[in-house]
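Residue-level listing of the chains:
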Amino acid sequence: GFCVAVSLHDGMVMQTTASLTNTLGYPKDMWVGRSFIDFVHPQDRQTFINQVTESIGLILRDYHTDNSSKKDTFCKSAAFFCRIRIYNGLKSGFSIKERKTRYNPFKLSVCFSEIDGKNSSYGTKESSSNPMVGPQSTFLFITAIPLVSAFTMPYEDWTNRSDADPQPVFVTKHNSSYQFSNIEESVIPYLGFLPQDMNGEDIFSFVHPDDQNTLKDVFNNAMLELGRPCKSKYIRLRVRNGCYLYVNSWWSFFINPWSRQLEFVHGKHTVKKGPRFPDVFAEIVKDVTAEPPPEVVVDLKHQTQPGGSSPADLQHIN
């Protein structure tokens, strides 16, 4: 990963660590004097702004209410996630305009520090003796850790993992309208989507069309049984690159004891087989409608024959 110091006066990058070059390919000091948010993916900029605004608001509150001690470095924010632009070099001889802009996903955390301009190399003229936490005297320090896909090969088979191996599990939460309401960090390396990509979206838009009725039946039966936890087998979930992931899922339902209405649903998903293209963070490589692995194709064809098994009963992915 890498770290960046940003002025809260104008949002400009004041200094970066040398690891920026190895992580994103930018030459040394190329970011200095440029606005940090220009390197953030347009779809993630509001998330970045909201996180920084929320953090600085807490700092200003604490700064003026706690007079027992004055600290040069303030609290660190909770982690959030953004995509940052990769350097578009000219090694292949094409112009920058002809090269597609690419982004890599990162886990970001920020902290704020008041810098003494007289003794620092950041160029600020404000002194840390200023009793007010002002934008000209406070710097934003961003730490960025790269996110990597959980998969290394096409259709990676995880059905026979031993109990000693880490279990490939992630958790989702959606409301009674089937909209995602909380996406945990564990989801990211398996699906490639960031929380802001999924929150508020319909869960069925991430489920393979052929599996949507199966999932609807699971939810309907659970309501008839007053929210009893239940398991769904063989559900294909869409990953960011357009392929699909094969999971078994346990669903837990919370029904409000006073209103008797469904409030939310937790899904605990165990990965059984990876997607066709293992880099889940890649752009959509083609129009893929969940082309199953060859052995699954055989079983899917078999289900149309008399006595054939349904996809939910396929033994190799249970």
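As the structure is a prediction and not an experimental result, all values here were calculated from the model. (Residues numbered from 1 in each chain as written. Predicted model: local features only at pLDDT ≥ 70, side-chain atom pairs only at ≥ 80, totals over all residues. Heavy atoms only, no water.)

K.L.:
Looking at this structure, how should I read the overall build of the protein?
P.N.:
A tally of regular secondary structure across the protein gives 6 helices and 11 strands. Within the span of the protein, comprising 318 residues, buried residues form 42% of the whole. Considering only intrachain contacts with a sequence separation of at least 6, the fraction spanning at least 24 residues in the protein is 61%. Accessible surface computed for the protein: about 17000 Å², of which carbon and sulfur atoms make up 52%. (Helix = DSSP H or I, 4+ residues; strand = E, 2+ residues; numbered from the N terminus. Buried < 20%, exposed > 50% of the residue type's maximum accessible area, 1.4 Å probe, protein only. Contact = heavy atoms within 4.5 Å. Areas by Shrake-Rupley, 256 points an atom, 1.4 Å probe, with all protein chains shown as cover.)

K.L.:
Whenever I open this one, the layout of surface pockets confuses me. Can you help?
P.N.:
Using a probe with the size of a water molecule, rolled over the atoms, empty space left in the structure can be pinpointed. Counted as a void, the second largest pocket has a volume near 200 Å³. R102, Y103, F281, A282 and E283 are, among the 14 residues lining the second largest pocket, the residues nearest its centre. Per-element accounting of the lining of the second largest pocket gives the leading share, 3 residues, to strand β5 (residues 103–114). Its residues placed into classes, the lining of the second largest pocket shows 5 nonpolar, 4 polar and 5 charged. (1 Å grid on protein atoms, 1.4 Å probe; cavity = no way out; pocket = protein on both sides within 12 Å on 5 of 7 lines; lining within 4 Å. Points joined across faces, edges and corners; volume = space filled by probe spheres on them. Nonpolar A, V, L, I, M, F, W, Y, C, P; charged D, E, K, R; others polar.)

K.L.:
Can you help me understand the pattern of salt bridges in this one?
P.N.:
Pairs may arise between side chains of opposite charge once their charged atoms sit close together. Per the stated rule, a full pass over the model turns up 7 salt bridges. Between R83 and D44 there is a salt bridge, and its shortest N-O distance comes to 2.8 Å. Remark: D44 occurs in the loop between α1 (19–24) and α2 (45–65) and R83 occurs in strand β4 (residues 80–85); sequence separation between them is 39 residues. Of the two residues, R83 and D44, both sit in the buried class. (Salt bridge = Lys/Arg side-chain N within 4 Å of Asp/Glu carboxyl O.)

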